[in-house]
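Topology and contacts: notes
Below, each chain spelled out in residue letters.
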Amino acid sequence: MISIFRRPASSPPPRRLTLDILRYNPAEPERAPTLQAFTIDEAEGMTLFIALNEIRAHQDPSLQFDFVCRAGICGSCAMLVDGRPALACRTLTRDLNSHITLAPLPFFELIGDLSVNTGQWMRGTAERLQTWIHAVDRVSIDEIEAPMAPELAEAIYELDRCIECGCCIAACGTAQMRPDFVGAVGLNKIARFRLDPRDQRSDEDFYELIGDDSGVFGCMSLLGCHDVCPKQLSLQTQIAFLRRKMARLGFD
Ligand code: SF4
Ligand code: SF4
Ligand code: FES
């Protein structure tokens with residue numbers, strides 16, 4: 001089969017990329033994990049998403065990895081790229097060396113090769129942290145919507161940009177040591193609902209959810225989460241703010 005990714009005739013010859021991909025199928029535990037090398041020609045604007053699809057289409061249809069949107073929106077394609085969590089669909093091969101190592105995100109349930117089950121953990125954490133608006137007042141659909149200051153709506157929207165990709169969890173030392181840690185993604189969600197005036201929970205209520213070592217006090221503040229978040233969320237600021245708020249409650 002012929003690749004659709006072509007270079008203009010005048011371009012320099014493409015780089016030859018070698019992708020070392022960690023292969024393992026948990027359904028076949030008798031077969032040990034191995035690094036399998038694949039080589040492909042780099043194309044203009046090639047992302048790891050494109051490279052992996054080239055490999056799956058032309059070299060090994062059994063290679064497992066996840067993609068949905070290809071645009072940094074669905075959060076499905078996070079993996080370890082040369083040891084660092086990143087979205088494969090937003091990673092250009094030209095920004096990497098010609099020898100690339102890919103592995104699945106740690107912490108999450110491995111489905112196979114580069115595919116992990118982030119959804120199950122994200123859902124469990126959302127249920128545990130009750131990440132929905134808790135309103136005492138009943139809202140009538142006949143009433144005009146209550147206005148919200150644009151600056152506040154913007155601040156809530158900013159925190160809502162999390163795509164639940166799991167990169168922050170994969171980069172988190174605490175999460176690797178204790179599976180019940182809610183991580184930056186969980187703390188960011190609490191910050192988001194705390195900001196929302198429609199959510200009538202108090203700081204005491206939020207303390208019940210994150211006021212221990214599985215929550216904000218388990219964070220070691222090394223900020224791997226902040227460094228790798230593909231949406232550049234202000235995780236450092238949110239975690240520091242929440243910790244100050246929650247620590248004050250703990251002393252009251
Ligand atoms: S906070 Fe950032 S790194 Fe963590 S899940 Fe959300 S988007 Fe991904
Ligand atoms: S700063 Fe806290 S939440 Fe972020 S990676 Fe470090 S321990 Fe994890
Ligand atoms: S495929 Fe959706 S974020 Fe990469």
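All values derive from a computational prediction rather than experimental measurement. (Residues numbered from 1 in each chain as written. Chains lettered and ligands numbered in written order. Predicted model: local features only at pLDDT ≥ 70, side-chain atom pairs only at ≥ 80, totals over all residues.)

A look at the packing of helix α6 (residues 183-195) against helix α7 (residues 203-210)
Interhelical geometry of α6 versus α7 gives an angle of 170 degrees and a closest axis separation of 11 Å. By the angle between their directions, the pair α6 and α7 is classed as roughly antiparallel. For the pair formed by α6 and α7, the contact residues are L187, I190 and R194 on the first element and F206, L209 and I210 on the second. Looking at the contact of α6 with α7, its residues break down into five nonpolar, no polar and one charged. (Axes fitted to C-alpha atoms, helices over the stretch in contact; angles between N-to-C directions. Helix = DSSP H or I, 4+ residues; strand = E, 2+ residues; numbered from the N terminus. Parallel < 35°, antiparallel > 145°, perpendicular 65-115°, else oblique. Contact = placed C-beta atoms within 7 Å. Nonpolar A, V, L, I, M, F, W, Y, C, P; charged D, E, K, R; others polar.)

Digging into the domain arrangement of the protein chain
Domain annotation of the protein chain identifies domain 1 (16-116) and domain 2 (130-138 + 146-251). Between the C-alpha centres of domain 1 and domain 2 there is a distance of 29 Å. Every contact between the two is made by 15 residues of domain 1 and, on the other side, twelve residues of domain 2. Of all the secondary structure elements, the ones that give two or more residues to the side of domain 1 that touches domain 2 are β3 (78-81) and β4 (84-87). Of the residues forming the side of domain 1 that touches domain 2, the biggest block, four residues, is contributed by β4. Of the residues that constitute the side of domain 1 that touches domain 2, the class distribution is eleven nonpolar, two polar and two charged. (Domains from an automatic or database assignment.)

Overview of the site of ligand 1
Surveying the vicinity of ligand 1 reveals 14 residues, the closest of which are C162, C165, C167, C168 and C229. Only α4 (167-170) and α6 provide two or more residues apiece to the shell around ligand 1. Its residues assigned to classes, the shell around ligand 1 shows ten nonpolar, two polar and two charged. (Near = placed C-beta within 6 Å.)

Details of the site of ligand 2
For ligand 2, the set of nearby residues contains 14 residues, the closest of which are C172, A184, C219, G224 and C225. Residue assignment for the shell around ligand 2 shows that the elements contributing at least two residues are α5 (173-177), α6 and α8 (224-228).

Quick look at α7
Within an α-helix, residues lying three or four positions from one another point in the same direction, as the helix has 3.6 residues per turn. All buried positions along α7 are accounted for by F206, Y207, L209 and I210. One side of α7 carries all its buried residues, which in axial view fall inside an arc of 160 degrees. (Buried ≥ 20, exposed ≤ 12 C-beta atoms within 10 Å, placed from the backbone. Arc of directions from axis to C-beta.)

Some thoughts on the pairing of strand β5 (residues 99-103)
Pairing of strand β1 (residues 16-23) with β5 involves four bridges; the strand directions are parallel. In the sheet register, L19 faces β5, and the bridge partner there is I100. Inspection of the sheet shows β3 paired to β5 by two bridges, in the antiparallel sense. Pairing of L80 across the sheet is with A103, part of β5. (Pairing = 2+ DSSP bridges.)

Observations regarding the packing of helix α3 (residues 150-159) against α6
Put simply, α3 and α6 touch, their axes get as near as 9 Å, and they point 160 degrees apart. When the interaxial angle is binned, α3 and α6 end up roughly antiparallel. For α3 against α6, the interelement crossing comes out left-handed. From α3, A155, I156 and L159 reach across to α6, where they touch N188, A191, R192 and L195. (Left-handed = near helix turned anticlockwise from the far one by under 90°.)

Here we look at the sheet that holds strand β2 (residues 34-41)
Taken in spatial order, the five strands of this open sheet run β2-β1-β5-β3-β4, and their pairing is mixed. Both outer strands of the open sheet, β2 and β4, are each paired with one neighbouring strand and no more. Averaged over neighbouring strand pairs, the angle between their axes works out to 35 degrees when direction is ignored. Packed on one face of the sheet, helix α1 (residues 48-58) meets β1, β2 and β3 and runs near 100 degrees to β2.

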